[in-house]
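Tertiary structure, described
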Amino acid sequence: MALLEVEGLVRRFRGLAAVDGLSFSVDEGRSLAIIGPNGAGKTTAFNLVSGLLAAHGGRVRFRGSDITRARAHARCRAGLGRTFQLVQPFADLTVIENVMVGALFGREPRLSGSAARGRVDRVALWP
Amino acid sequence: MPQPDRSLEAPIDLSRARAWIDAEQLVETQPLPQSRQANGPIWVYLALPDTFRTSPRRLYVGDPLISALPAAWSWGPDAGDRPGDLMPAVRARDLLVHYLERGTGEPAVLVHGNWATSSWWEPVLDRLPAAVRGIAPDLRGRGRTAGPDNDYSIPSLAGDLAAFADPLGLERFHLVGHSLGSAVAMELALTGTLALQLPDVTGGPVGISMPPLFGGDRVASYYLAAAIFALALAASLAVRYTRAHYAVSAIRSNEAVAAVMGVDVVRTKVALFVASATLAALAGAFYMPFITHTDSQDAFDISRSVAALVFPIFGGIYTTAGPVVGTLALRSFEEYLRVTPPWKEGYQVMYGAVIVIAVLFLPRGILGLVRRHLGGRAAQLMGGRRWRSSR
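1. A short note on the pairing of strand β1 (residues 4–13) of chain A
All names here are of chain A. For β1 and strand β2 (residues 16–26), the ladder comprises eight bridges, and the chain directions are antiparallel. Pairing of Val6 across the sheet is with Phe24, part of β2. Pairing of β1 with strand β3 (residues 57–62) involves five bridges; the strand directions are antiparallel. The partner of Glu7 across the bridge, within β3, is Arg59.

2. Examining the interface of chain A and chain B
Listed as interface residues are 20 residues of chain A and, on the opposing side, 19 residues of chain B. For the side of chain A that touches chain B, the secondary structure elements donating two or more residues are α2 (72–78) and α3 (95–104) of chain A. Element by element, the count of residues in the side of chain A that touches chain B is highest for α3(A), at five residues. Within the side of chain A that touches chain B, the residues separate by chemical class into 10 nonpolar, six polar and four charged.

3. Topic: the nonpolar core
Judged by nonpolar contacts, the single largest core of 33 residues is most densely connected at Val109(B), Leu110(B), Leu161(B), Val184(B) and Leu188(B). Sort the elements by how many residues they give to this core and helix α4 (residues 154–165) of chain B lands first, with seven residues. The residues touching Leu161(B), leaving out its near neighbours within four places in the chain, are Val111(B), Val184(B) and Leu188(B). With 32 residues, the next largest nonpolar core counts Met100(A), Leu104(A), Val260(B) and Met261(B) among its residues.

4. Some words on α3(A)
Burial runs high along α3(A): seven of the 10 residues are buried. Burial in α3(A) covers these residues: Glu97(A), Asn98(A), Val99(A), Met100(A), Val101(A), Gly102(A) and Leu104(A). In this fold, the buried residues of α3(A) make contact with α4 (113–122) of chain A together with α8 (243–253) of chain B.

5. What about the pairing of strand β4 (residues 95–102) of chain B?
All names here are of chain B. Pairing of strand β3 (residues 89–92) with β4, which is carried by four bridges, proceeds in the antiparallel orientation. Pairing of Val90 across the sheet is with Val97, part of β4. Once β3 ends, the chain turns through two residues before running back antiparallel as β4, passing Arg93 with a positive phi of about 55°. By the bridge criterion, four bridges tie β4 to strand β6 (residues 132–137) in an arrangement that is antiparallel. Across the sheet, the residue bridging to Tyr99 is Pro137, located in β6.

6. Side note on the sheet that holds β3(A)
Residues and elements named next belong to chain A. Strand order in this open sheet of four strands is β2-β1-β3-β4, and the pairing throughout is antiparallel. Strand pairing shows two members of the sheet lacking a second neighbour, β2 and β4 (65–66), which therefore form its edges. Along the sheet, helix α1 (residues 42–50) makes contact with β1, β2 and β3, crossing β2 at roughly 60°.

7. A look at unusual backbone geometry
In the Ramachandran plot, Arg14(A) falls in the positive-phi region, its phi being about 55° despite a non-glycine side chain. Assignment of secondary structure puts Arg14(A) in the loop between β1 and β2. Even without glycine at this site, Thr292(B) takes up a positive phi of about 65°. Tracing the backbone shows Thr292(B) in the loop between α10 (265–291) and β9 (293–294).

8. Some remarks on the environment of Ala234(B)
As for its placement among the helices and strands, Ala234(B) is situated in helix α7 (residues 218–240). As a C-alpha pair, Ala234(B) and Thr320(B) span 86 residues in sequence and 9.3 Å in three-dimensional space.

9. Overview of α1(A)
Every α-helical turn comprises 3.6 residues, leaving residues that sit three or four positions apart pointing alike. Within the sequence span of α1(A), burial applies to Thr44(A), Ala45(A), Asn47(A), Leu48(A), Val49(A) and Ser50(A). Those residues of α1(A) that are buried lie in contact with β1, β2, β3 and α2 of chain A together with α9 (255–260) of chain B. Downstream of α1(A) by one or two residues, Gly51(A) has phi in the positive range, about 95°.

10. Notes on the sheet that holds strand β5 (residues 106–111) of chain B
All names here are of chain B. An order of β3-β4-β6-β5-β7 is seen for the five strands of this open sheet, with the pairing classed as mixed. Bordering the open sheet on either side are β3 and β7 (174–177), each of which pairs with just one other strand. Here the average twist between neighbouring strands, direction ignored, is 30°.

11. A few points about the environment of Asp94(B)
With respect to the helices and strands, the residue Asp94(B) is situated in the loop between β3 and β4. Expressed as a C-alpha distance, the spacing of Asp94(B) and Asp160(B), which sit 66 residues apart in the sequence, is 9.1 Å.

Basis of the calculations
For every chain, the first residue of the written sequence is number 1, and numbering continues from 1 onward in sequence order. Chain labels run from A onward and ligand labels from 1 onward, assigned in the order the entries are written. Local features are withheld for residues below a pLDDT of 70 in this predicted model, meaning they are given only at 70 or higher, and side-chain atom pairs are given and counted only at 80 or more; totals for whole chains, interfaces and linings count all residues. A strand pair is defined by DSSP finding two or more bridges across the two strands. Secondary structure elements follow DSSP: runs of H or I of four or more residues count as helices, runs of E of two or more count as strands, with numbering from the N terminus. We call two residues in contact when the distance between their C-beta atoms, placed using the backbone, is within 7 Å. Ten residues, namely Ala, Val, Leu, Ile, Met, Phe, Trp, Tyr, Cys and Pro, are considered nonpolar, four, namely Asp, Glu, Lys and Arg, are considered charged, and the remaining ones, Gly among them, are considered polar. Buried Ala, Val, Leu, Ile, Met, Phe, Trp, Tyr and Cys residues form a nonpolar core when they are connected through C-beta atoms within 7 Å. The burial label depends on the number of other C-beta atoms within 10 Å of a residue's C-beta. Counts of 20 or more mean buried, 12 or fewer mean exposed, and intermediate counts mean partly exposed, with C-beta atoms placed from the backbone. Axis definition: a line fitted to C-alpha atoms, limited for helices to the stretch in contact. Angles are taken between N-to-C directions and run from 0 to 180 degrees.

Rendered as structure tokens:
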């Protein structure tokens, strides 16, 4: 069973179908790249999979369960992460606090500040 | 109440005044006589709402009231024999508002201008078309209506007018204003609408009264206020030192990123809104029996909404101490200016200037200033987090 399955995904912006019948599947441990010219709908596709946009048609399955209607934060907690084309740190928060957000609302709701600092040390982001 | 100085009520010499009507067609079809186009400070501005419960409309040619207008221009300096003591009066709020009334039919309230009295409208009243009932009140402190020592603001005058209409049984009426009176008329048309349309809720122009809290025991009131204040502080600290801080900061910084990092944006926002609204409602529920009386003019005063933004910004937003410091500083400053020469009535100018300067030069408020000069530690003691620059 594929880790992520996308089936006939559709998203329209008024008359324009930005994503029209997109289907793909990704197996665990594999990488898949989506390429295309400007305006091809790559970002829209990512937003549909991560839940920032609602799909007008089609389905998204993650680890076998249908998440087409799940909201973004629920998909994140299920283990579906995403990043953005431009890095988007929370500018008002410290590096540690940025890490804390990811942990507290993701899969480590009990992470302490010092533990977060250890993670930051590990990737040498601490000055 | 001291009677106003009657000697100040010299009639306005309209023959030297330049009449100006806010209806071009009218000016075209009824050009002013040359002799009355002389320079002068008086403008005749007419705001004539259809019914002031709906939207105001401009004058149009053929309006029954227009036929009465030339009379105003031809009115000479002699105010003539005023009805004097025979003027009827009704109680409006705490004033006894005297007025002139002529004719029967569709009511039209004629509002005089600054330094004038109802007498200004006499030539108009004398020439009213049939089926128009003209009513010209003396505004507070003018003519025979006594007034307070201060507060001659346009909202107050409009409030008087709304209260004046009530005992006269005027629900729908034309509103005609001259000069200051037109400002009063427009104020009433805009803000008085709510008060008059929902009298069951707002108490109409009279407002709502309530017995004082704890039978007027100010000490008990003080402790209740302190308790509400403590609750607000506790709520702020609770957000600051729990996961909520991360959720809120992340959402403020970038909502979409927060969502894909697992923050339930909708839930967090709703929870915050409910918590904020609860605190505001608590404060309001305390304040109403504390001041014991309010009316629509007061309750919907825009300065309340402005204050809710300005005080925290002045003190320092995103901190616990900031709104407290900002409120104490600005309220005290405002009261100080209000009673100190040379500001007194002009205190709002100074007050406004301070706020503009604060916004320009203290984007982080007073707490930001403390932080810059005493270091982050001092600011932290005051309850603020260290300010982190993204740059």
